[in-house]
Structures are given as C-alpha cells and as structure tokens.
Protein chains: 4
Amino acid sequence: MGFHLAPEACNCSAPDTGNIEILDLFGTDEHREKWLKPLLQGTIRSAFAMTEPAVASSDATNIELRMVRDGDHYVLNGRKWFATNAMHPNCRLLIVMGKTDPHAAPHRQQSMMVVPIDTPGVAVVRSLPVFGYTDREGHAEILFDDVRVPATDLLKGEGEGFAISQARLGPGRIHHCMRTIGMAERALEAMCRRADSRTTFGLPISERANVQDWIAEARIDLEQVRLLALKAAWMMDTAGNKGARTEIAAIKVAAPQVALKVIDRAIQVHGGAGVTADFPLAQAYAHVRTLRLADGPDEVHKRTIARQELRRHRS
Amino acid sequence: MGFHLAPEACNCSAPDTGNIEILDLFGTDEHREKWLKPLLQGTIRSAFAMTEPAVASSDATNIELRMVRDGDHYVLNGRKWFATNAMHPNCRLLIVMGKTDPHAAPHRQQSMMVVPIDTPGVAVVRSLPVFGYTDREGHAEILFDDVRVPATDLLKGEGEGFAISQARLGPGRIHHCMRTIGMAERALEAMCRRADSRTTFGLPISERANVQDWIAEARIDLEQVRLLALKAAWMMDTAGNKGARTEIAAIKVAAPQVALKVIDRAIQVHGGAGVTADFPLAQAYAHVRTLRLADGPDEVHKRTIARQELRRHRS
Amino acid sequence: MGFHLAPEACNCSAPDTGNIEILDLFGTDEHREKWLKPLLQGTIRSAFAMTEPAVASSDATNIELRMVRDGDHYVLNGRKWFATNAMHPNCRLLIVMGKTDPHAAPHRQQSMMVVPIDTPGVAVVRSLPVFGYTDREGHAEILFDDVRVPATDLLKGEGEGFAISQARLGPGRIHHCMRTIGMAERALEAMCRRADSRTTFGLPISERANVQDWIAEARIDLEQVRLLALKAAWMMDTAGNKGARTEIAAIKVAAPQVALKVIDRAIQVHGGAGVTADFPLAQAYAHVRTLRLADGPDEVHKRTIARQELRRHRS
Amino acid sequence: MGFHLAPEACNCSAPDTGNIEILDLFGTDEHREKWLKPLLQGTIRSAFAMTEPAVASSDATNIELRMVRDGDHYVLNGRKWFATNAMHPNCRLLIVMGKTDPHAAPHRQQSMMVVPIDTPGVAVVRSLPVFGYTDREGHAEILFDDVRVPATDLLKGEGEGFAISQARLGPGRIHHCMRTIGMAERALEAMCRRADSRTTFGLPISERANVQDWIAEARIDLEQVRLLALKAAWMMDTAGNKGARTEIAAIKVAAPQVALKVIDRAIQVHGGAGVTADFPLAQAYAHVRTLRLADGPDEVHKRTIARQELRRHRS
C-alpha cells in the first residue's frame, strides 16, 4: 500500500558524506588510511557531534564542550546531541567540535577533533525520538567525560573548527535538499493518486478546485525549488562553497519549506490514513521538519542572506 | 524540564463524552442502566466507531459497514479505524455507525448500534500510530466479521444514524477545541520562556523582532480563537446544536489551525529540542494535526460554512 | 451596480473624533468654547498633524517639528504629512505634535498645540494620493515655517504630548477597526453575490471548492476579529485605555489583516472588474492597506504585545 | 527620491507584442503590409479586445460579442473592456475576439478579426481606472454597435479564434512576468535602502530581524521565480508554446504572487510614504495585482496545471 520513501535509509548517509569531505580536505595521512578508507568502502559509519543541548548552537561562540590541552593530548568535557548515526551498529568514529580557546576571536575559538567512539569517557546516553519516531541509527545524545584524545587528532589546527564546519556544511545541505525535494515529489504523486481514488459528495476529490489548487501550487513550488537546488549545486562547482554561500543558504531554507507544505496537504488529502504509518507522509513530515533546525534554524540562514543583500545595495 | 500538556491524558475522555451524550439522549432504560451509569462513574470506557479505512468517511453516504437485519438481530460486517480508546484496558463498549439501507435517501441510510466490545466477531486488529506516537488507549482498527447484535441495541431507529452523529459531534468538537487552545497557550508560554533563556549573536532570542512578531501573532490569534470558542459554546447553550452549526464548524477549523501555527513556532524557538520528547511540543503538534482530519477534514466544514454564507446573501 | 462602501465618507470623521476627545479631556474653557463646540455641531472640521515625512514617526523620539518658546508664544518649524481632513473646505483647526525639549526623557520631549489653520506660516503644500486615490478631504502635507502660537494653546503642559497622543489613539483605532470590519463584511457579501452570478466551465463560481474555501475562511476570520473588536471596546469601557492596551494593539493589527485578505479575494472573484472603480473593492483595499501604517505600522504594535506577553511569563 | 519603475511605460508595449505575433503568424499579405510594418516601425499602436464586462471571459465559451456573416462582411455587436492601449493617441488597430458560431464545439465557436479603430460603430467608451490609477494609454471599454468588417479581415478562418489566442498568450505572459520580476527586484532594493536609512527605538530598521527575514525571503523567492521564468522561456524556444504550457502557466501564477509579497513588504518598510506617489511602490502593486486577473485569473491556470499533473500520475 502506498509508496516507499524510506527517508531513514537515505538520511543516514548524510553525516558520513560530510565527514568524508572533512577527512579528505583536512585529515592527516593516518586519518585517511585509518578512517577515510573504510568510510568510503562502507565498512564503518561515523557521526558528527556539533550541536549541544544546553545552548543555541547555531551561534558557534555558544559551544561549551571544552577541549583543554594537556601534554600531547586534549581532554574533552561536554555534552552533544543530534549526533546522527551514532547508534548505528557500525559507527566507529565521531568528529567533534569543541572550544579550545574561549578568549579568541569569535570564529577562532573552536577546534575539531577525530574521536574514536570507543575512547574511554565517551558515553552514548540515549537516542532522541523525533515526533515519536526513533531511527535505528539514532540522533544520539553523547556525554564526553574527561575524554583524552591525542593532539595529532586535532584537524588542521587550533581555532580552525569554525572554518572546517563551514567547508563541511555546504555539500551536506545540498544533499539534504535534494532528498527533501524528492520526498515532496513523492508526496505530490501520492496526493494525486489518492485524490483520484476517493469520492465525496458525488465528485472524485481530484475534481475539487481546492485540491486542484494544492496540486498546482505543489507543482509550481517544486519546479522553482528544484531549479534553485540545481543552481546552488552549479554555483558550488563553479564558484566554490564560499561563492555559493547565498544560494546554499537559500536552498537550505526553501526546500524544507516547500516540502512541508506539499507533504502537509498530501496528508490532508489522505484523511486519517495520512498521519498513520500506512503511508510514509507523517514520517516524511517529521523528518523534513527537523531540517528547518538541523545545521542552524532558518532564521540564522535568513540573517546571512539579508546581511548579504543589504551590503549589495550599500555600495 | 519544560511543562506538562499530557494531551493523551485529556484526549482519552473525548469519545466517552460523546457516547455519554448519545446514550443520554437516545439510549433505552436498559442502555442507561448497563452502560451510561458505569461510564459516568468512570469504571468503564467506550469508543466510537465511525471512520472507515477504505472510504472518505466525511461523506456519510460512503460508509460501508453493513448492518443487515436477520430475525431479531442485525449482522454487522465491515472495518472501522480511529476508534479512539478502544485499546484502553477498561474499554467495554463500542458505539458503531453502519449502513442499514443503502437505497434510502443519503442521510437516512445510516444507523447506530450499541455493541459490547466482547461480542463474537469483533476483533481489535491494531493500534494506529500517529506521527510515530502510539497512545496507550489507542486509535484502533476494528474488524467486524458477522457480528450479531440484538435489534434492541439499535439506537433511536433505523436510518437515524446520521442525525445521531450530528447531535453527538457538536459537543465533542467544542471539547477538542478548548483543549487545543489550552495546548497552544502552553506552547506560547514555553516559547516565551525559551526565548528568554537563550542567546545568539549577543542578544536574547526574545529581543529579536521576528520572534517578537511570532509571540505577538500568537497572542492576537489566541485571543480571537478563544472568543470564538466561547461564542460557539454560548450559541450551543442558547440556540442549540443546530442553531450553532456555523459557529461549531468555524471553531472546529480555526482552533487547530491557530494552535498548529503557535506550536510550530514554539518548536522553532526551541531548536532541536523542540522535536524531541524532552518537550511536549512535537507530540502536541502531532495530536492537533490529526484534529484537522478527525470528525471530517477542514474542507468539509468549510463547505458547510460557505454554503450557509452563500444562502444568506441569496435572499 | 455593486454596493456602497463610501469609505471616504466615514473615514473623514476619524481625525475629528480623536481631536474632540483631546479637546474634551485636555482643552481649556476657551478651547472648548471656540473649537470643541463647532466641531461637535459639525460646522467646522479639524486635522491631526503628527506623522512626518523625514523620519520614522512611529518612534515618538524621532519627531523633528520644533516648538521653541519665545516670550508668551511658541515658534513652530517643521513638516508634517498624512494630516487627514486638512484639505476639507471647512477645516479650521490643526492639533500639532512637536518637540519642546529634545533633551528630556524620551516620552517627555513632545508637546501638543492647538493651531488655527490660517495662522501665518502654515502652508498646506499638497494632498497625498493613496494608491492613486485622492480624497477630497485629503491626506495633507503641511509646512510650518516660523508659525507663532500663543503659549496658552499648548495642551496640558510641556512634555505631555506623548501621553495625550496615547489617550487619543485608543478610541480612534477602535473606530477604524469597526469600519474596517464593516468593509470586509461588504466585500464578503459582494464575493458571494458575484460568485453566484458568474459561470465558468459549466459551474457557477460559487460551487467551486476553492472559492467556497475563501468564503468560509472569510466568515471564520470575520467572526473572530469582530469578537476581538467587541472585547477591546468592552475593555476600554471597563478597564480604561491603558488596561485595554494589549487588546487595542491586537485589534489594530488584526482587523486590517483580515479585511485585506477578504477584500483581495473578493477582487479575485470579481475578475478585472474588481480592480476598477465599478466596484468599491480596490479603493477599500487601498484604504485598509494604509491602516497597517497609520498610527504606527503593525510591527510597532506587535512589539508592544510581545513585550507584554514576555513580561507575563517572567513573573 | 526613490527609483524609477515606470511600469506604465513598458506595460504599453505588451498588447502590440502579442498583436505583432498574431499578424506575423496568421495575417494576410495585406495585413502584414498595412498593419504589421507600421507596428514594427512603432509609428502606430494597437489594442487587443478579448475580455468582456458581462461574463467570466476566462472561459472562452462565455464570450458574447457576436460576429454575424452578412454577405462579404461580418457584423460585430458587443462590448469589450481592458483593451490596453486603445486610448493611446497613435492607436489605429484592434484585434477582436468574438463568436461566429455559438453552436460549434466549445473551442471552435470563436473567431478573430482585424478591425481598424475608426470603423463606424466602434466607440471607445471610457478608460478603466486601476486602483485609482489611469494610464494615458488606457484600459479601454469599447462598444461595438453594428460594426461591419470585411470577411477578408477574419484571421486564419472561422472557429480559429481560440487557437490564435493560445498562440498569442504564451509570449505575452513571459514578457509580463519578466517585467514583474524586475519590478520586484527594484522594490527589494528600495526596501533595503529605506531600511538602512531609518531608525526606530535606537536601531536601524535594517537590523531588525523581522525586516531581515523579509529581505531574505524576497531574495530566496526571487531567485526561484527568476529561474522558473528562464526555464519557461527556454522551454518555449526548445519545445514550443504548447510543450511549454505547464511552465508558462506556472510562471504566470508565480511571478505576480512573489512580486506582490515583496512590494507589499517594501511598502510596509517605507511607512506612509510607501502608499503615496513619492515612491512607485503602490502603483507597482496595483499594476501587478491586475496581472493575477489579466489573461485569465490564477485559478484558471492552476486548474490547467493540476489537470496536467493528475494525468501524469494516471498512466
């Protein structure tokens, strides 16, 4: 019955993709040999630990996990959550963002480290349910309690954490957006099929003008947002992640917004069935809703776009 | 941490309320003695079985569960779902809507029966998860396979099912709307507290003008929708359920819409925490979202209001 | 053809209403005799001059018109606009807000004066068109060039201007909102009649589900916003303008928003005719659109409501 | 002060563009010599007369202007309006849609004729104001009273009117949309500059998060809608007007919607000035608002898109 979105199936690869990018760009030869290879072969999985439960993590200066130098090690203390994939049975690696120098300039306070998940002091505390759904791979909450990590596992250098995270996020965001658009396309298809298959008050639902408006608006919105995703990808290829900053932020905001509207209306057309597990619509909604928060809430990305736009008109 | 909505706790009483209303208005002395008394004492629970998985049940002529007269019994065959409460350990009673005469006038085809849940042929098949949440009391799918029910348990008379359902739904809808408004008030409070407690880019979130707009719009919308709920209740008291038809339909559409907007923004202000179980926001969202479908989707109620409005301007 | 809103007809009384309120509360015996009487008798008209073209006047500290004490007079220099009624042939009186002390506390810098429109130095420069419409009574731009006004025509005292404006605005806003709701009711009626009278693709427009949704949403929204207006008025009567502050701000924001949505959809149902002068819809739209700016833009009022709401949840 | 949109300046060429297209595709040699040449040289202007005041003209079967064969002439009787350009001093030509056979198949009832504006019986009755604005070139109402036109001036053949109108409308719609997007870009620029230049409560408006959200949403929406316009144009070039049907309908709906949202918010940021003639925002709004009705209301185009989409998922 219905169609197959399997959002959890494709979703789980996202943190690996970003981590692969990081290790490829900033890893040592040893990192590449030990972690990048098996990640590319798919024999191990990894998670990315940036967001913290206690602070608004979209502002990187709020990060509280401390990384204190102690001889040739750093000692990590703090708490992370929404570390997607960390509960996957094959997860072996965490890439962790923390603060090495709270007194440096705002974007030089953070550093990033490669931390094997079995390092003593690392405790995966629990999996966070999202709208009642618990993925097998998990959005994990992880406690770091006096975790000692060799200084050689600091990526690129002290104070480079923010820059690395920026390099990482662009591609990850595009991946999420493409999948999001795909989910919305499937929801639109489901809406059409359902509207054709049910009748109320003597008319197939697909002949009601309000449902036709929803279908048309979905198609109009999806055409636009797909073109924006393509442009953002093309900008990344031709102008680089930094040159594509506005486009990446724009698609990060636009894709979930369009998809949520389409999925919500598809749910409405499905009636009660739409909120159950008989169709993947409610789960898709829950998944896409979290994307308006993951890697920074919409408002942070809009702020970036607005400041860029204001600057353009000042010159 | 956070506040306590316990939507499932209050939600579960709704079907009982409606059933109590039905038994009080249309039950025989025996029904009142055997079912109404323990329901009022709270020693048993009951469920209402109207919606069907195979058809758009908002159009009552689509109902497919058959009630065929056989001597002094009716034989019931069909499938229902979203029978809230049916999995409650104390649930003893079902009130079931079915079709006695498919050839009668559209609103005279349906009848309603009192069916003990342990009647042979009644099978509670499964509990329907809603956005990943499974209530203890359950939104049950129930199969009726040659269920024999004494003809004396037909309420009011053959062909009275639609009229009874109308009598039942008014009060039930108001109850839902009041609880919905209460949830939205709680979400607004949570949004304010959270916005005060977190800081980004040097400012408490509560001082950002976009979040202030959300808070103000929530207050403006809630003031209005509460007044509408009060008016609808007052109309029911003074003009009766029929005279209050437009107001009941209006609040049935308006309350969930306002609440979903408020809860969604509260989630956004909470960041990742908003979609988890650490706050009741995501579950409240899922619950209220189903109210846009329960007892008929928004579109059916809007149709009623529009036809009423058009009629007014024709005279 | 169509119906009669005559927004300009009712609109013109609004500044008089506010000025009558001011003179009644804060005028001297002479003011009452000379100005209040003929205003109440309707033999003269008056305008209120607060907004300035050069600054964001919603923040009273931005007001630039200077009132400088010189012996037993004040000398006024500055420019005002949106002085509604000032071009009415019977307009004799201006009530002018200006700054007497730029170094006082923010809300003690302003004062208010009674200024006959024929005082030397007062020049009504032009009438401001609104969306292409020019009212006979005018939204005037007025230049004050060394205008000498007796100190006895200062209302209440130096530094009282802001407090007087607050006292004045509450009732004025309610009047605007009531008329706005009335216009929206008329637009809804027009939408229904038009939808009934035209046919496309074999169906009266009134039977299309999207137009039915618009009609229903208009009714649902109007019921709510009318109740809010009634509550705001009742609060003003029972708790005073200050106690009703949140309700007044809420209705000031909500009424135009609801009305614009209804009028815009009525225009859409009227086709090309909707934007012409054959129906009063476009003019009503233009008029109501300005209400989202008059007496402060929505954003200023939302800010007030949000700060109030945040305060409630801090205690 | 402000910037220059001059919507009326570019707007006026639109009907000529469409008429040029028609004459080029379907005109006789004589038509090309007599009308097409001077139109291309810009020495004369023309108008297109399709919409009628008495019926919902978006459904072509509603057209009431009769074209009755009488010997080697047709006699035209009826009333048209929104004939843009007809009041231009150089306007010499009308292209008129009418009904030759009310009993033919729905899309074979209409024919199109070339009618010199000085033909006896043609009376330009009045110019229609749009939101209070009256263009010099006019949206004219034209009465046809026993207008005799040679049969040789019927374009392509009897019953070809609908097909010709379809051929004509695609390019015209794209032109409108491109200008609409340009207006919205200008409005966004004006919004940014104004937000930078005014201060309330101690902050430039451009630093308020709600205004920043508006600016960001404008940029996000404009990026998408521009890409859709480019795709629609590319589809017309590569797949033809018919193959581009969905894209043309989509951009016809999307461009005005995006532009209206941006312009409305730009008005809000400009305060009272935004609705006056000191800035071109209100006039741009009025102009773009009519585009949601011109060449068929949004709802007709959405219906087309929805039916197309539903068809795709049936196979």
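Residues numbered from 1 in each chain as written. Chains lettered and ligands numbered in written order. Predicted model: local features only at pLDDT ≥ 70, side-chain atom pairs only at ≥ 80, totals over all residues.

Caption draft 1: Layout of the overall build of chain A. Of regular secondary structure, chain A possesses eight helices and nine strands. Its C-alpha atoms give chain A a radius of gyration of 21 Å, within 12% of the compact-globule value 20 Å for 315 residues. Counting only C-alpha atoms, chain A reaches 80 × 55 × 35 Å along its principal axes. Counting over 315 residues, chain A shows a buried share of 58%. Counted over contacts in chain A with a minimum sequence separation of 6, partners at least 24 positions apart contribute 71%. (Helix = DSSP H or I, 4+ residues; strand = E, 2+ residues; numbered from the N terminus. Rg over C-alpha atoms; globule rule 2.2 N^0.38 Å. Buried ≥ 20, exposed ≤ 12 C-beta atoms within 10 Å, placed from the backbone. Contact = placed C-beta atoms within 7 Å.)

Caption draft 2: A look at helix α8 (residues 298-312) of chain A. In this model α8(A) runs 21 Å from its N-terminal to its C-terminal C-alpha over 15 residues, within 8% of the 21 Å that 1.5 Å per residue would give. Close packing links the buried residues of α8(A) with α6 (245-270) of chain A, α5 (209-243) of chain B together with α4 (161-197) and α5 (209-243) of chain D. (Expected span 1.5 Å × (residues − 1).)

Caption draft 3: Spatial organisation of the relation of the copies chain D and chain B. Superposing chain D onto chain B takes a rotation of 180 degrees combined with a translation of 0.0 Å along the rotation axis, leaving an RMSD of 0.1 Å. This pairing of chains is accounted for by a two-fold axis. Nearest to the rotation axis, the C-alpha of N210(D) is located 2.1 Å from it, this being the minimum over chain D. The fraction of interface residues of chain D whose copies in chain B are also interface residues reaches 100%, indicating that both copies meet through the same surface. (Least-squares fit on C-alpha atoms with pLDDT ≥ 70 in both.)

Caption draft 4: Expanded view of the interface of chain D and chain B. In this complex, chain D contributes four residues to the contact, which on the side of chain B involves four residues. Split into classes, the residues belonging to the side of chain D that touches chain B amount to one nonpolar, one polar and two charged. (Nonpolar A, V, L, I, M, F, W, Y, C, P; charged D, E, K, R; others polar.)

Caption draft 5: Spotlight on the nonpolar core. The biggest cluster of nonpolar side chains holds 390 residues, and the ones touching the most others in it are I263(A), I263(B), I263(C) and I263(D). Setting aside chain neighbours within four positions, we find I263(C) in contact with A184(C), A187(C), L281(C), A284(C), Y285(C) and V288(C). (Core = buried A, V, L, I, M, F, W, Y, C linked by C-beta atoms within 7 Å.)

Caption draft 6: Layout of the interface of chain A and chain D. Contacts between the two partners involve 29 residues from chain A, matched on the other side by 29 residues from chain D. Put simply, the parts of the chain that give the side of chain A that touches chain D at least two residues each are α4 (161-197), α5 (209-243), α6 and α8 of chain A. Sorting elements by how many residues they give to the side of chain A that touches chain D places α5(A) first, with 13 residues. Considered class by class, the residues forming the side of chain A that touches chain D number 13 nonpolar, four polar and twelve charged.

Caption draft 7: Representation of the relation of the copies chain A and chain D in the model. The transformation that overlays chain A on chain D combines an axial shift of 0.0 Å with a rotation of 180 degrees, and the residual RMSD is 0.1 Å. Comparing interface residues between copies, 100% of those in chain A also sit at the interface in chain D, which points to an isologous, same-surface contact.

Caption draft 8: Region of the structure containing α5(A). Taking 1.5 Å of rise per residue, 35 residues should cover 51 Å, yet α5(A) covers just 43 Å from first to last C-alpha, more than 12% shy of that figure. Most pronounced at D237(A), the bend in α5(A) amounts to some 90 degrees. (Bend = angle between axes of the 7 residues up to and from the residue.)

Caption draft 9: Inspection of unusual backbone geometry at higher detail. Residue and element names in this part refer to chain D. With a phi angle near 55 degrees, F82 is a residue other than glycine that sits in the positive phi range. Checked against the element boundaries, F82 lands in strand β3 (residues 73-84). In this model, D295 sits at a positive phi of 55 degrees, which is unusual for a non-glycine residue.

Caption draft 10: Expanded view of the confidence of the model for chain A. Residue and element names in this part refer to chain A. Averaged over chain A, the pLDDT score is 93; the fraction of residues at 70 or greater is 96%. Here residues 1-12 is modelled with pLDDT under 50, and outside its nearest four sequence neighbours on either side it reaches 22 contacts, counting other chains as well. Quick note on the complex model: pTM equals 0.94, ipTM equals 0.93. (pLDDT = per-residue confidence, 0-100.)

Caption draft 11: The arrangement of the environment of K242(D) in detail. Tracing the chain through its elements places K242(D) in helix α5. K242(D) sits 72 residues away from G170(D) along the chain, and the two C-alpha atoms are 8.7 Å apart.

Caption draft 12: Expanded view of the domain arrangement of chain A. Residues and elements named next belong to chain A. When cut into domains, chain A gives domain 1 (7-156) and domain 2 (164-312). Each of domain 1 and domain 2 was reduced to a C-alpha centroid, and the two centroids are 28 Å apart. On the domain 2 side, the residues contacting the 20 residues of domain 1 number 19 residues. Contributions of two or more residues to the side of domain 1 that touches domain 2 are made by α1 (7-11) and α2 (13-26). Top element by residues in the side of domain 1 that touches domain 2 is α2. It accounts for seven residues. The residue makeup of the side of domain 1 that touches domain 2, split by class, is 14 nonpolar, four polar and two charged. (Domains from an automatic or database assignment.)

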